[in-house]
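Residue-level structure breakdown
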Amino acid sequence: MAPDSSAAVAPARPPAARPPSNAMKRFARRRSTIAFLMTLPLISVIAGLVAWPASYAIYLATLNRRMTAFIGLENFDILLDNETFRAVIWQSCFFAITAVLLKALIGFWLAHMLHHLPTKGQRKWRGMLLVPWVIPPALSTLGWWWMFDPSYSSINYLLNAIGGPSIPWLGSPWWARISVIIVNVWYGAPFFMIMYLAALKSVPEQLYEAAAIDGASGWQGLRHITLPMMQNIISITVLFSLIVTFANYDIVRVLTNGGPRDLTQVFASYAFQVGVLSGNIPRGAAVSLFMFPLLAFIAYFVLKGVNQRNKEMA
Amino acid sequence: MTKNGTSRRNVLRSGAGVAAAGVLAAPMVHAQGTAGSLRFAFWDHWVPGGNDALKELATKWGEQKRVTVSLDFINTTGNQLQLTAAAQAQSRSGHDGISLTPWDVGAYSDKLEPVDDVIGRLVGKYGPINPVAEFLCKHGGKWRGVPATSGTQNKPACVRFDLMLEHAGIDVRAMWPANNTRGPGADNWTWETFVTAAEKCHKAGFSFGLPMGQFSDAVDWVGALFAGYGAHITDATGKPTIRGNAKLKTAIELGVRLSRFLPSDVWAWDDASNNRALISGRSALVFNPPSAWAVAKRDAPQVAEKCWTIPMPAGPEGRFLAYLPFTTGVWAFGRNKTAAKEFLEFITQRENAEAITNKSGGYDIPPFASMTDFKVWETTSPPVGTIFNYPLKPHHQARTSIAFEPAPAELASQMYIQALNTKVIARVAQGGETVDQAMAWLEREINNMRRG
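Residues numbered from 1 in each chain as written. Chains lettered and ligands numbered in written order. Predicted model: local features only at pLDDT ≥ 70, side-chain atom pairs only at ≥ 80, totals over all residues. Heavy atoms only, no water.

**Notes on the overall build of chain A**
On a plain count of helices and strands, chain A comes out with 14 helices and zero strands. Listed N to C, the secondary structure of chain A is α-α-α-α-α-α-α-α-α-α-α-α-α-α in terms of helices and strands. Its C-alpha atoms give chain A a radius of gyration of 27 Å, clearly above 20 Å, the size a compact globule of 314 residues would have. Judged by the C-alpha coordinates and their principal axes, chain A covers about 95 × 70 × 30 Å. Of the contacts made within chain A by residues no fewer than 6 positions apart, 70% connect residues no fewer than 24 positions apart. Surface accessibility of chain A: about 17800 Å² in total, with carbon and sulfur atoms responsible for 71%. Charge-centre separation for chain A: the mean point of 24 positive side chains lies 14 Å from the mean point of 12 negative side chains. (Helix = DSSP H or I, 4+ residues; strand = E, 2+ residues; numbered from the N terminus. Rg over C-alpha atoms; globule rule 2.2 N^0.38 Å. Contact = heavy atoms within 4.5 Å. Areas by Shrake-Rupley, 256 points an atom, 1.4 Å probe, with all protein chains shown as cover. Lys, Arg positive; Asp, Glu negative; His and termini not counted. Charge placed at Lys NZ, Arg CZ, Asp CG, Glu CD.)

Written out as structure tokens, the structure is:
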């Protein structure tokens, strides 16, 4: 019963006779104060490490090159007027979407393979398949760079050994783009695998048994049981990976430095080149903020969908 | 509670201070002085022991002046030095002075202390300073940094004289001997001769190792090629001078022609790829400081003993040598600016510049023409005299150049970092555009950079 309804039927009391109610309010207030104080470290961290840098980046993006005058959104206008930047938008989208799709598909396939292995063997395979994800990407990308090296590629050596032609992995625009995607997929697929494996393990076996009794095929089981049950984790994983992949820097930086002819530049590498190396910090900030509205929009709808499905399940 | 002014808290605080000092101390601390302290960030030399000269000079000067000098050496791998400078300029705190890459002097000119007094005394003593260094360091009529010896490099041609003689018929040792004279054929050492030699060596399987990507080695040599043809893409105000620029068109066409005789993957080469090409014995020529030769001396001595450094080829407008200087700036927000300037003047004295160059095995180039006669360039071997022609000497009849000169620093730095000169060639040679289309793209790109 709500406190208000009891108050409605209770006889009126003089103010002095209502200390418990005030005490309750004070207590509630005290509890919120305590709660606030307890969350203050987290709020400080978010304010200091997220809100402040983001606000400062937005502020920087509105300044002129010398950072002496406010120019509003002109940096964005300048960027959209630039052919190289328009190519960067296309390349970033191509890179992020292709890489995330491949990571999701490979991760899903690996998770299924692992899920159907006996528990004992599964641990070993799971550990091995996670290795790419735990190696710092700058380091592993260096290893890939040696394999793709323009002059001494070990992959080309193997190709030549079986009579194949040398491939200009980093020198030709499309091969360079494919190389960057290969490394990103190699690095990121284990993350999808482990998330999907956890989701698969949470699907009740009884659902598959019931479906099998009803004569459902394996594909129908996947289509009507597995995918719906994994929908939330797939949405969140894809969203998370999309954001991280759009912000990827180290792979492009180490592997191609954006070349040849800027045809492998993505937002982060181009922002660093324009902002820090070329000394145009406001324009670099504008580059790095460019995808923020779109990603925020996507994130809002994906998370809204997840919440709706959670409510329906509850 | 305190006794004799010592509290438990003070003791703990002192202990923490000592511990922090142990962890955070700069790698070098010199003579404990009474005239204050000085902190410098210098470029971390790639040559083993290359920083030793600066350490020794700092010790010597610190003891003389009773100043505590600490030096940090920061490398340019992953652009750490550039990031440090950017962070210090933004936060207005950090070292008293710092090594700056060529265009950073202009980028931070309003945050750097003028050093005209130091330059005035040095020029009075040693004669004219390198004009490229002056172009990069002088802003608003004031010198904003002292051109450095440590890290400053030329990029002449390092040639496999045996391969060049055998396949292109050019005797580079006779042409540019290890003395101050020009030999037979020196006058014909032009970019046209160069392309012909490149074609012959390419056919023989020893292509010239010339990067065409977005790293500094590529931008620098193409910059010298453009300068040789008088192919400036902007004027001193930054206004593009591309439309109808016949000199630029000729230079681009030569670059495209030359690229056909280079390895097919040069578009992705970094600053180490040309070194590897030389050291592996696959290449007859690279444009580089003696670092490629020095690594060959260690790893492939049979290659090193057949290398000979000669000036870059000449174009119709003269012979230009790619030059990449470091500058040491004193932050305007530094705490000990007077001592910092005094220290920079000290390390630029001839005997100290020579000590720095000697420690680097001849790699470092001092900013004064009067300092191109150090013994190290005559005596280094094998073969003796191999880097005699590494510094620019009067008989070369050449000038140093930096790509995109004479554009203003803030525009030139963007064009340099974004490698517009190699990209314009690549758009034709690799992208299939016509020269006119590529030049039109170049103009649009520069106009866009000038906005904001």
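**Digging into the packing of helix α2 (residues 52-65) of chain B against helix α16 (residues 350-359) of chain B**
Residue and element names in this part refer to chain B. In contact at an axis separation of 8 Å, α2 and α16 are set at 145° when each is read in the N-to-C sense. Only N352, A355, I356 and K359 of α16 make contact with α2, whose side of the interface consists of D52, A53, L54, E56 and L57. A breakdown of the residues in the contact of α2 with α16 according to their chemical character gives five nonpolar, one polar and three charged. (Axes fitted to C-alpha atoms, helices over the stretch in contact; angles between N-to-C directions. Nonpolar A, V, L, I, M, F, W, Y, C, P; charged D, E, K, R; others polar.)

**Observations regarding the confidence of the model for chain B**
All names here are of chain B. Averaged over all residues, the pLDDT of chain B is 91; the fraction at 70 or higher stands at 92%. Predicted confidence is poor over residues 1-6, with pLDDT under 50, and the contacts of this stretch with residues over four places away or in other chains come to six contacts. Every residue in residues 11-31 scores below 50 in pLDDT, and together they form 21 contacts with partners more than four places removed in sequence or on other chains. (pLDDT = per-residue confidence, 0-100.)

**What to know about the domain arrangement of chain B**
A common way to state how big an interface is: give the accessible area lost once the parts meet. Residue and element names in this part refer to chain B. Domain boundaries assigned for chain B yield domain 1 (27-147 + 326-364) and domain 2 (155-323 + 389-450). Each of domain 1 and domain 2 has a C-alpha centre, and the two are 29 Å apart. Where domain 1 abuts domain 2, roughly 1200 Å² becomes buried across the two surfaces, and 76% of that area is made up of carbon and sulfur atoms. There are zero salt bridges connecting domain 1 and domain 2. Joining domain 1 to domain 2, the criterion identifies two residue pairs in polar contact (both at pLDDT 80 or more). No other element matches helix α6 (residues 131-137), which puts four residues into the side of domain 1 that touches domain 2. When the residues that make up the side of domain 1 that touches domain 2 are grouped by side-chain class, the tally is eight nonpolar, four polar and no charged. (Domains from an automatic or database assignment. Buried area = accessible area lost by both parts, 1.4 Å probe. Salt bridge = Lys/Arg side-chain N within 4 Å of Asp/Glu carboxyl O. Polar contact = N/O pair within 3.5 Å; in protein donor to acceptor, adjacent residues only side chain to side chain.)

**Considerations on the confidence of the model for chain A**
Mean pLDDT over chain A: 88, with 92% of residues reaching 70 or higher. In this model residues 1-12 of chain A is a low-confidence stretch, pLDDT under 50, and it forms one contact with partners more than four residues away in sequence or in other chains.

**A few points about the domain arrangement of chain A**
Residues and elements named next belong to chain A. Under the domain assignment, chain A is made up of domain 1 (18-61) and domain 2 (76-313). Using C-alpha coordinates to define each centre, domain 1 is positioned 36 Å away from domain 2. Listed per partner, the contact involves four residues of domain 1 and six residues of domain 2. Sorting the residues of domain 1 by area buried against domain 2 places A57, L60 and A61 first, and these three jointly supply 86% of that buried surface. The interface formed by domain 1 and domain 2 contains zero salt bridges. Our enumeration of links across domain 1 and domain 2 arrives at zero residue pairs in polar contact (both at pLDDT 80 or more). Looking at the side of domain 1 that touches domain 2 residue by residue, the class counts come to four nonpolar, no polar and no charged.

**Overview of helix α12 (residues 267-277) of chain A**
Taking burial as the measure, the 11 residues of α12(A) include nine buried ones, the bulk of the element. Of all the positions in α12(A), only F267(A), S269(A), Y270(A), A271(A), F272(A), Q273(A), V274(A), G275(A) and L277(A) are classed as buried. Lining the buried residues of α12(A) we find α4 (83-115), α10 (218-246), α11 (250-255) and α13 (281-289) of chain A together with α3 (80-91) and α18 (409-417) of chain B. Directly after α12(A), the chain includes G279(A), whose backbone phi takes a positive value near 75°. (Buried < 20%, exposed > 50% of the residue type's maximum accessible area, 1.4 Å probe, protein only.)

**Let's talk about the nonpolar core**
In this structure, M164(B), F208(B), W221(B), F226(B), I252(B) and L285(B) are the most contacted members of the largest nonpolar core, which totals 119 residues. Built from parts of two domains, this core gets at least three residues from each of domain 1 (27-147 + 326-364) and domain 2 (155-323 + 389-450) of chain B. Leave out the neighbours within four places in its chain, and M164(B) touches V159(B), G169(B), I170(B), V172(B), W189(B), A197(B), C201(B), F208(B) and L285(B). Ranked by size, the runner-up nonpolar core spans 37 residues in total, among them A57(A), F192(A), V274(A) and V287(A). (Core = buried A, V, L, I, M, F, W, Y, C linked by side-chain atoms within 4.5 Å.)

**Considering the side chain of T226(A)**
All names here are of chain A. For T226, the location among the structural elements is in helix α10. A polar contact is formed between the side chain of T226 and the side chain of Y208, at a distance of 2.7 Å. Those residues in contact with T226, other than ones at most four positions away along the chain, are F108, H112, L200, Y208 and G221.

**With respect to unusual backbone geometry**
Cis geometry marks the peptide bond from G259(A) to P260(A); its omega dihedral reads -5°. Turning to its location among the elements, P260(A) is positioned in the loop between α11 and α12. Residue P382(B) is reached from S381(B) by a cis peptide bond, and omega for that bond is 0°. One non-glycine residue with positive phi stands out, namely A419(B), at about 50°. Take A419(B): it is sitting in the loop between α18 and α19 (420-429).

**Concerning the pattern of salt bridges**
Summed over all chains, the structure comprises 29 salt bridges over all chains. Across the pair R121(B) and E345(B) runs a salt bridge, and its minimum N-O distance is 2.8 Å. Placement of R121(B) in helix α5 (residues 116-126) and of E345(B) in helix α15 (residues 337-347) is noted, with a sequence separation of 224 residues between them. According to the relative accessible area criterion, R121(B) is partly exposed, its value standing at 45%. Taking the shortest distance from any N to any O, the salt bridge between R182(B) and D187(B) comes out at 2.6 Å. The structure contains a network of salt bridges with shared partners spanning R65(A), R66(A) and E410(B).

**Details of a nonpolar patch on the surface**
Residues and elements named next belong to chain A. Residues L42, V45, I46, L49 and V50 make up a contiguous nonpolar surface patch of roughly 480 Å² in combined accessible area. Tracing the backbone shows I46 in helix α2 (residues 19-61). According to the relative accessible area criterion, I46 is partly exposed, its value standing at 43%. (Patch = residues over 30% accessible without salt bridge, like charges linked within 9 Å, V, L, I, M, F, W, Y side chains within 5 Å.)

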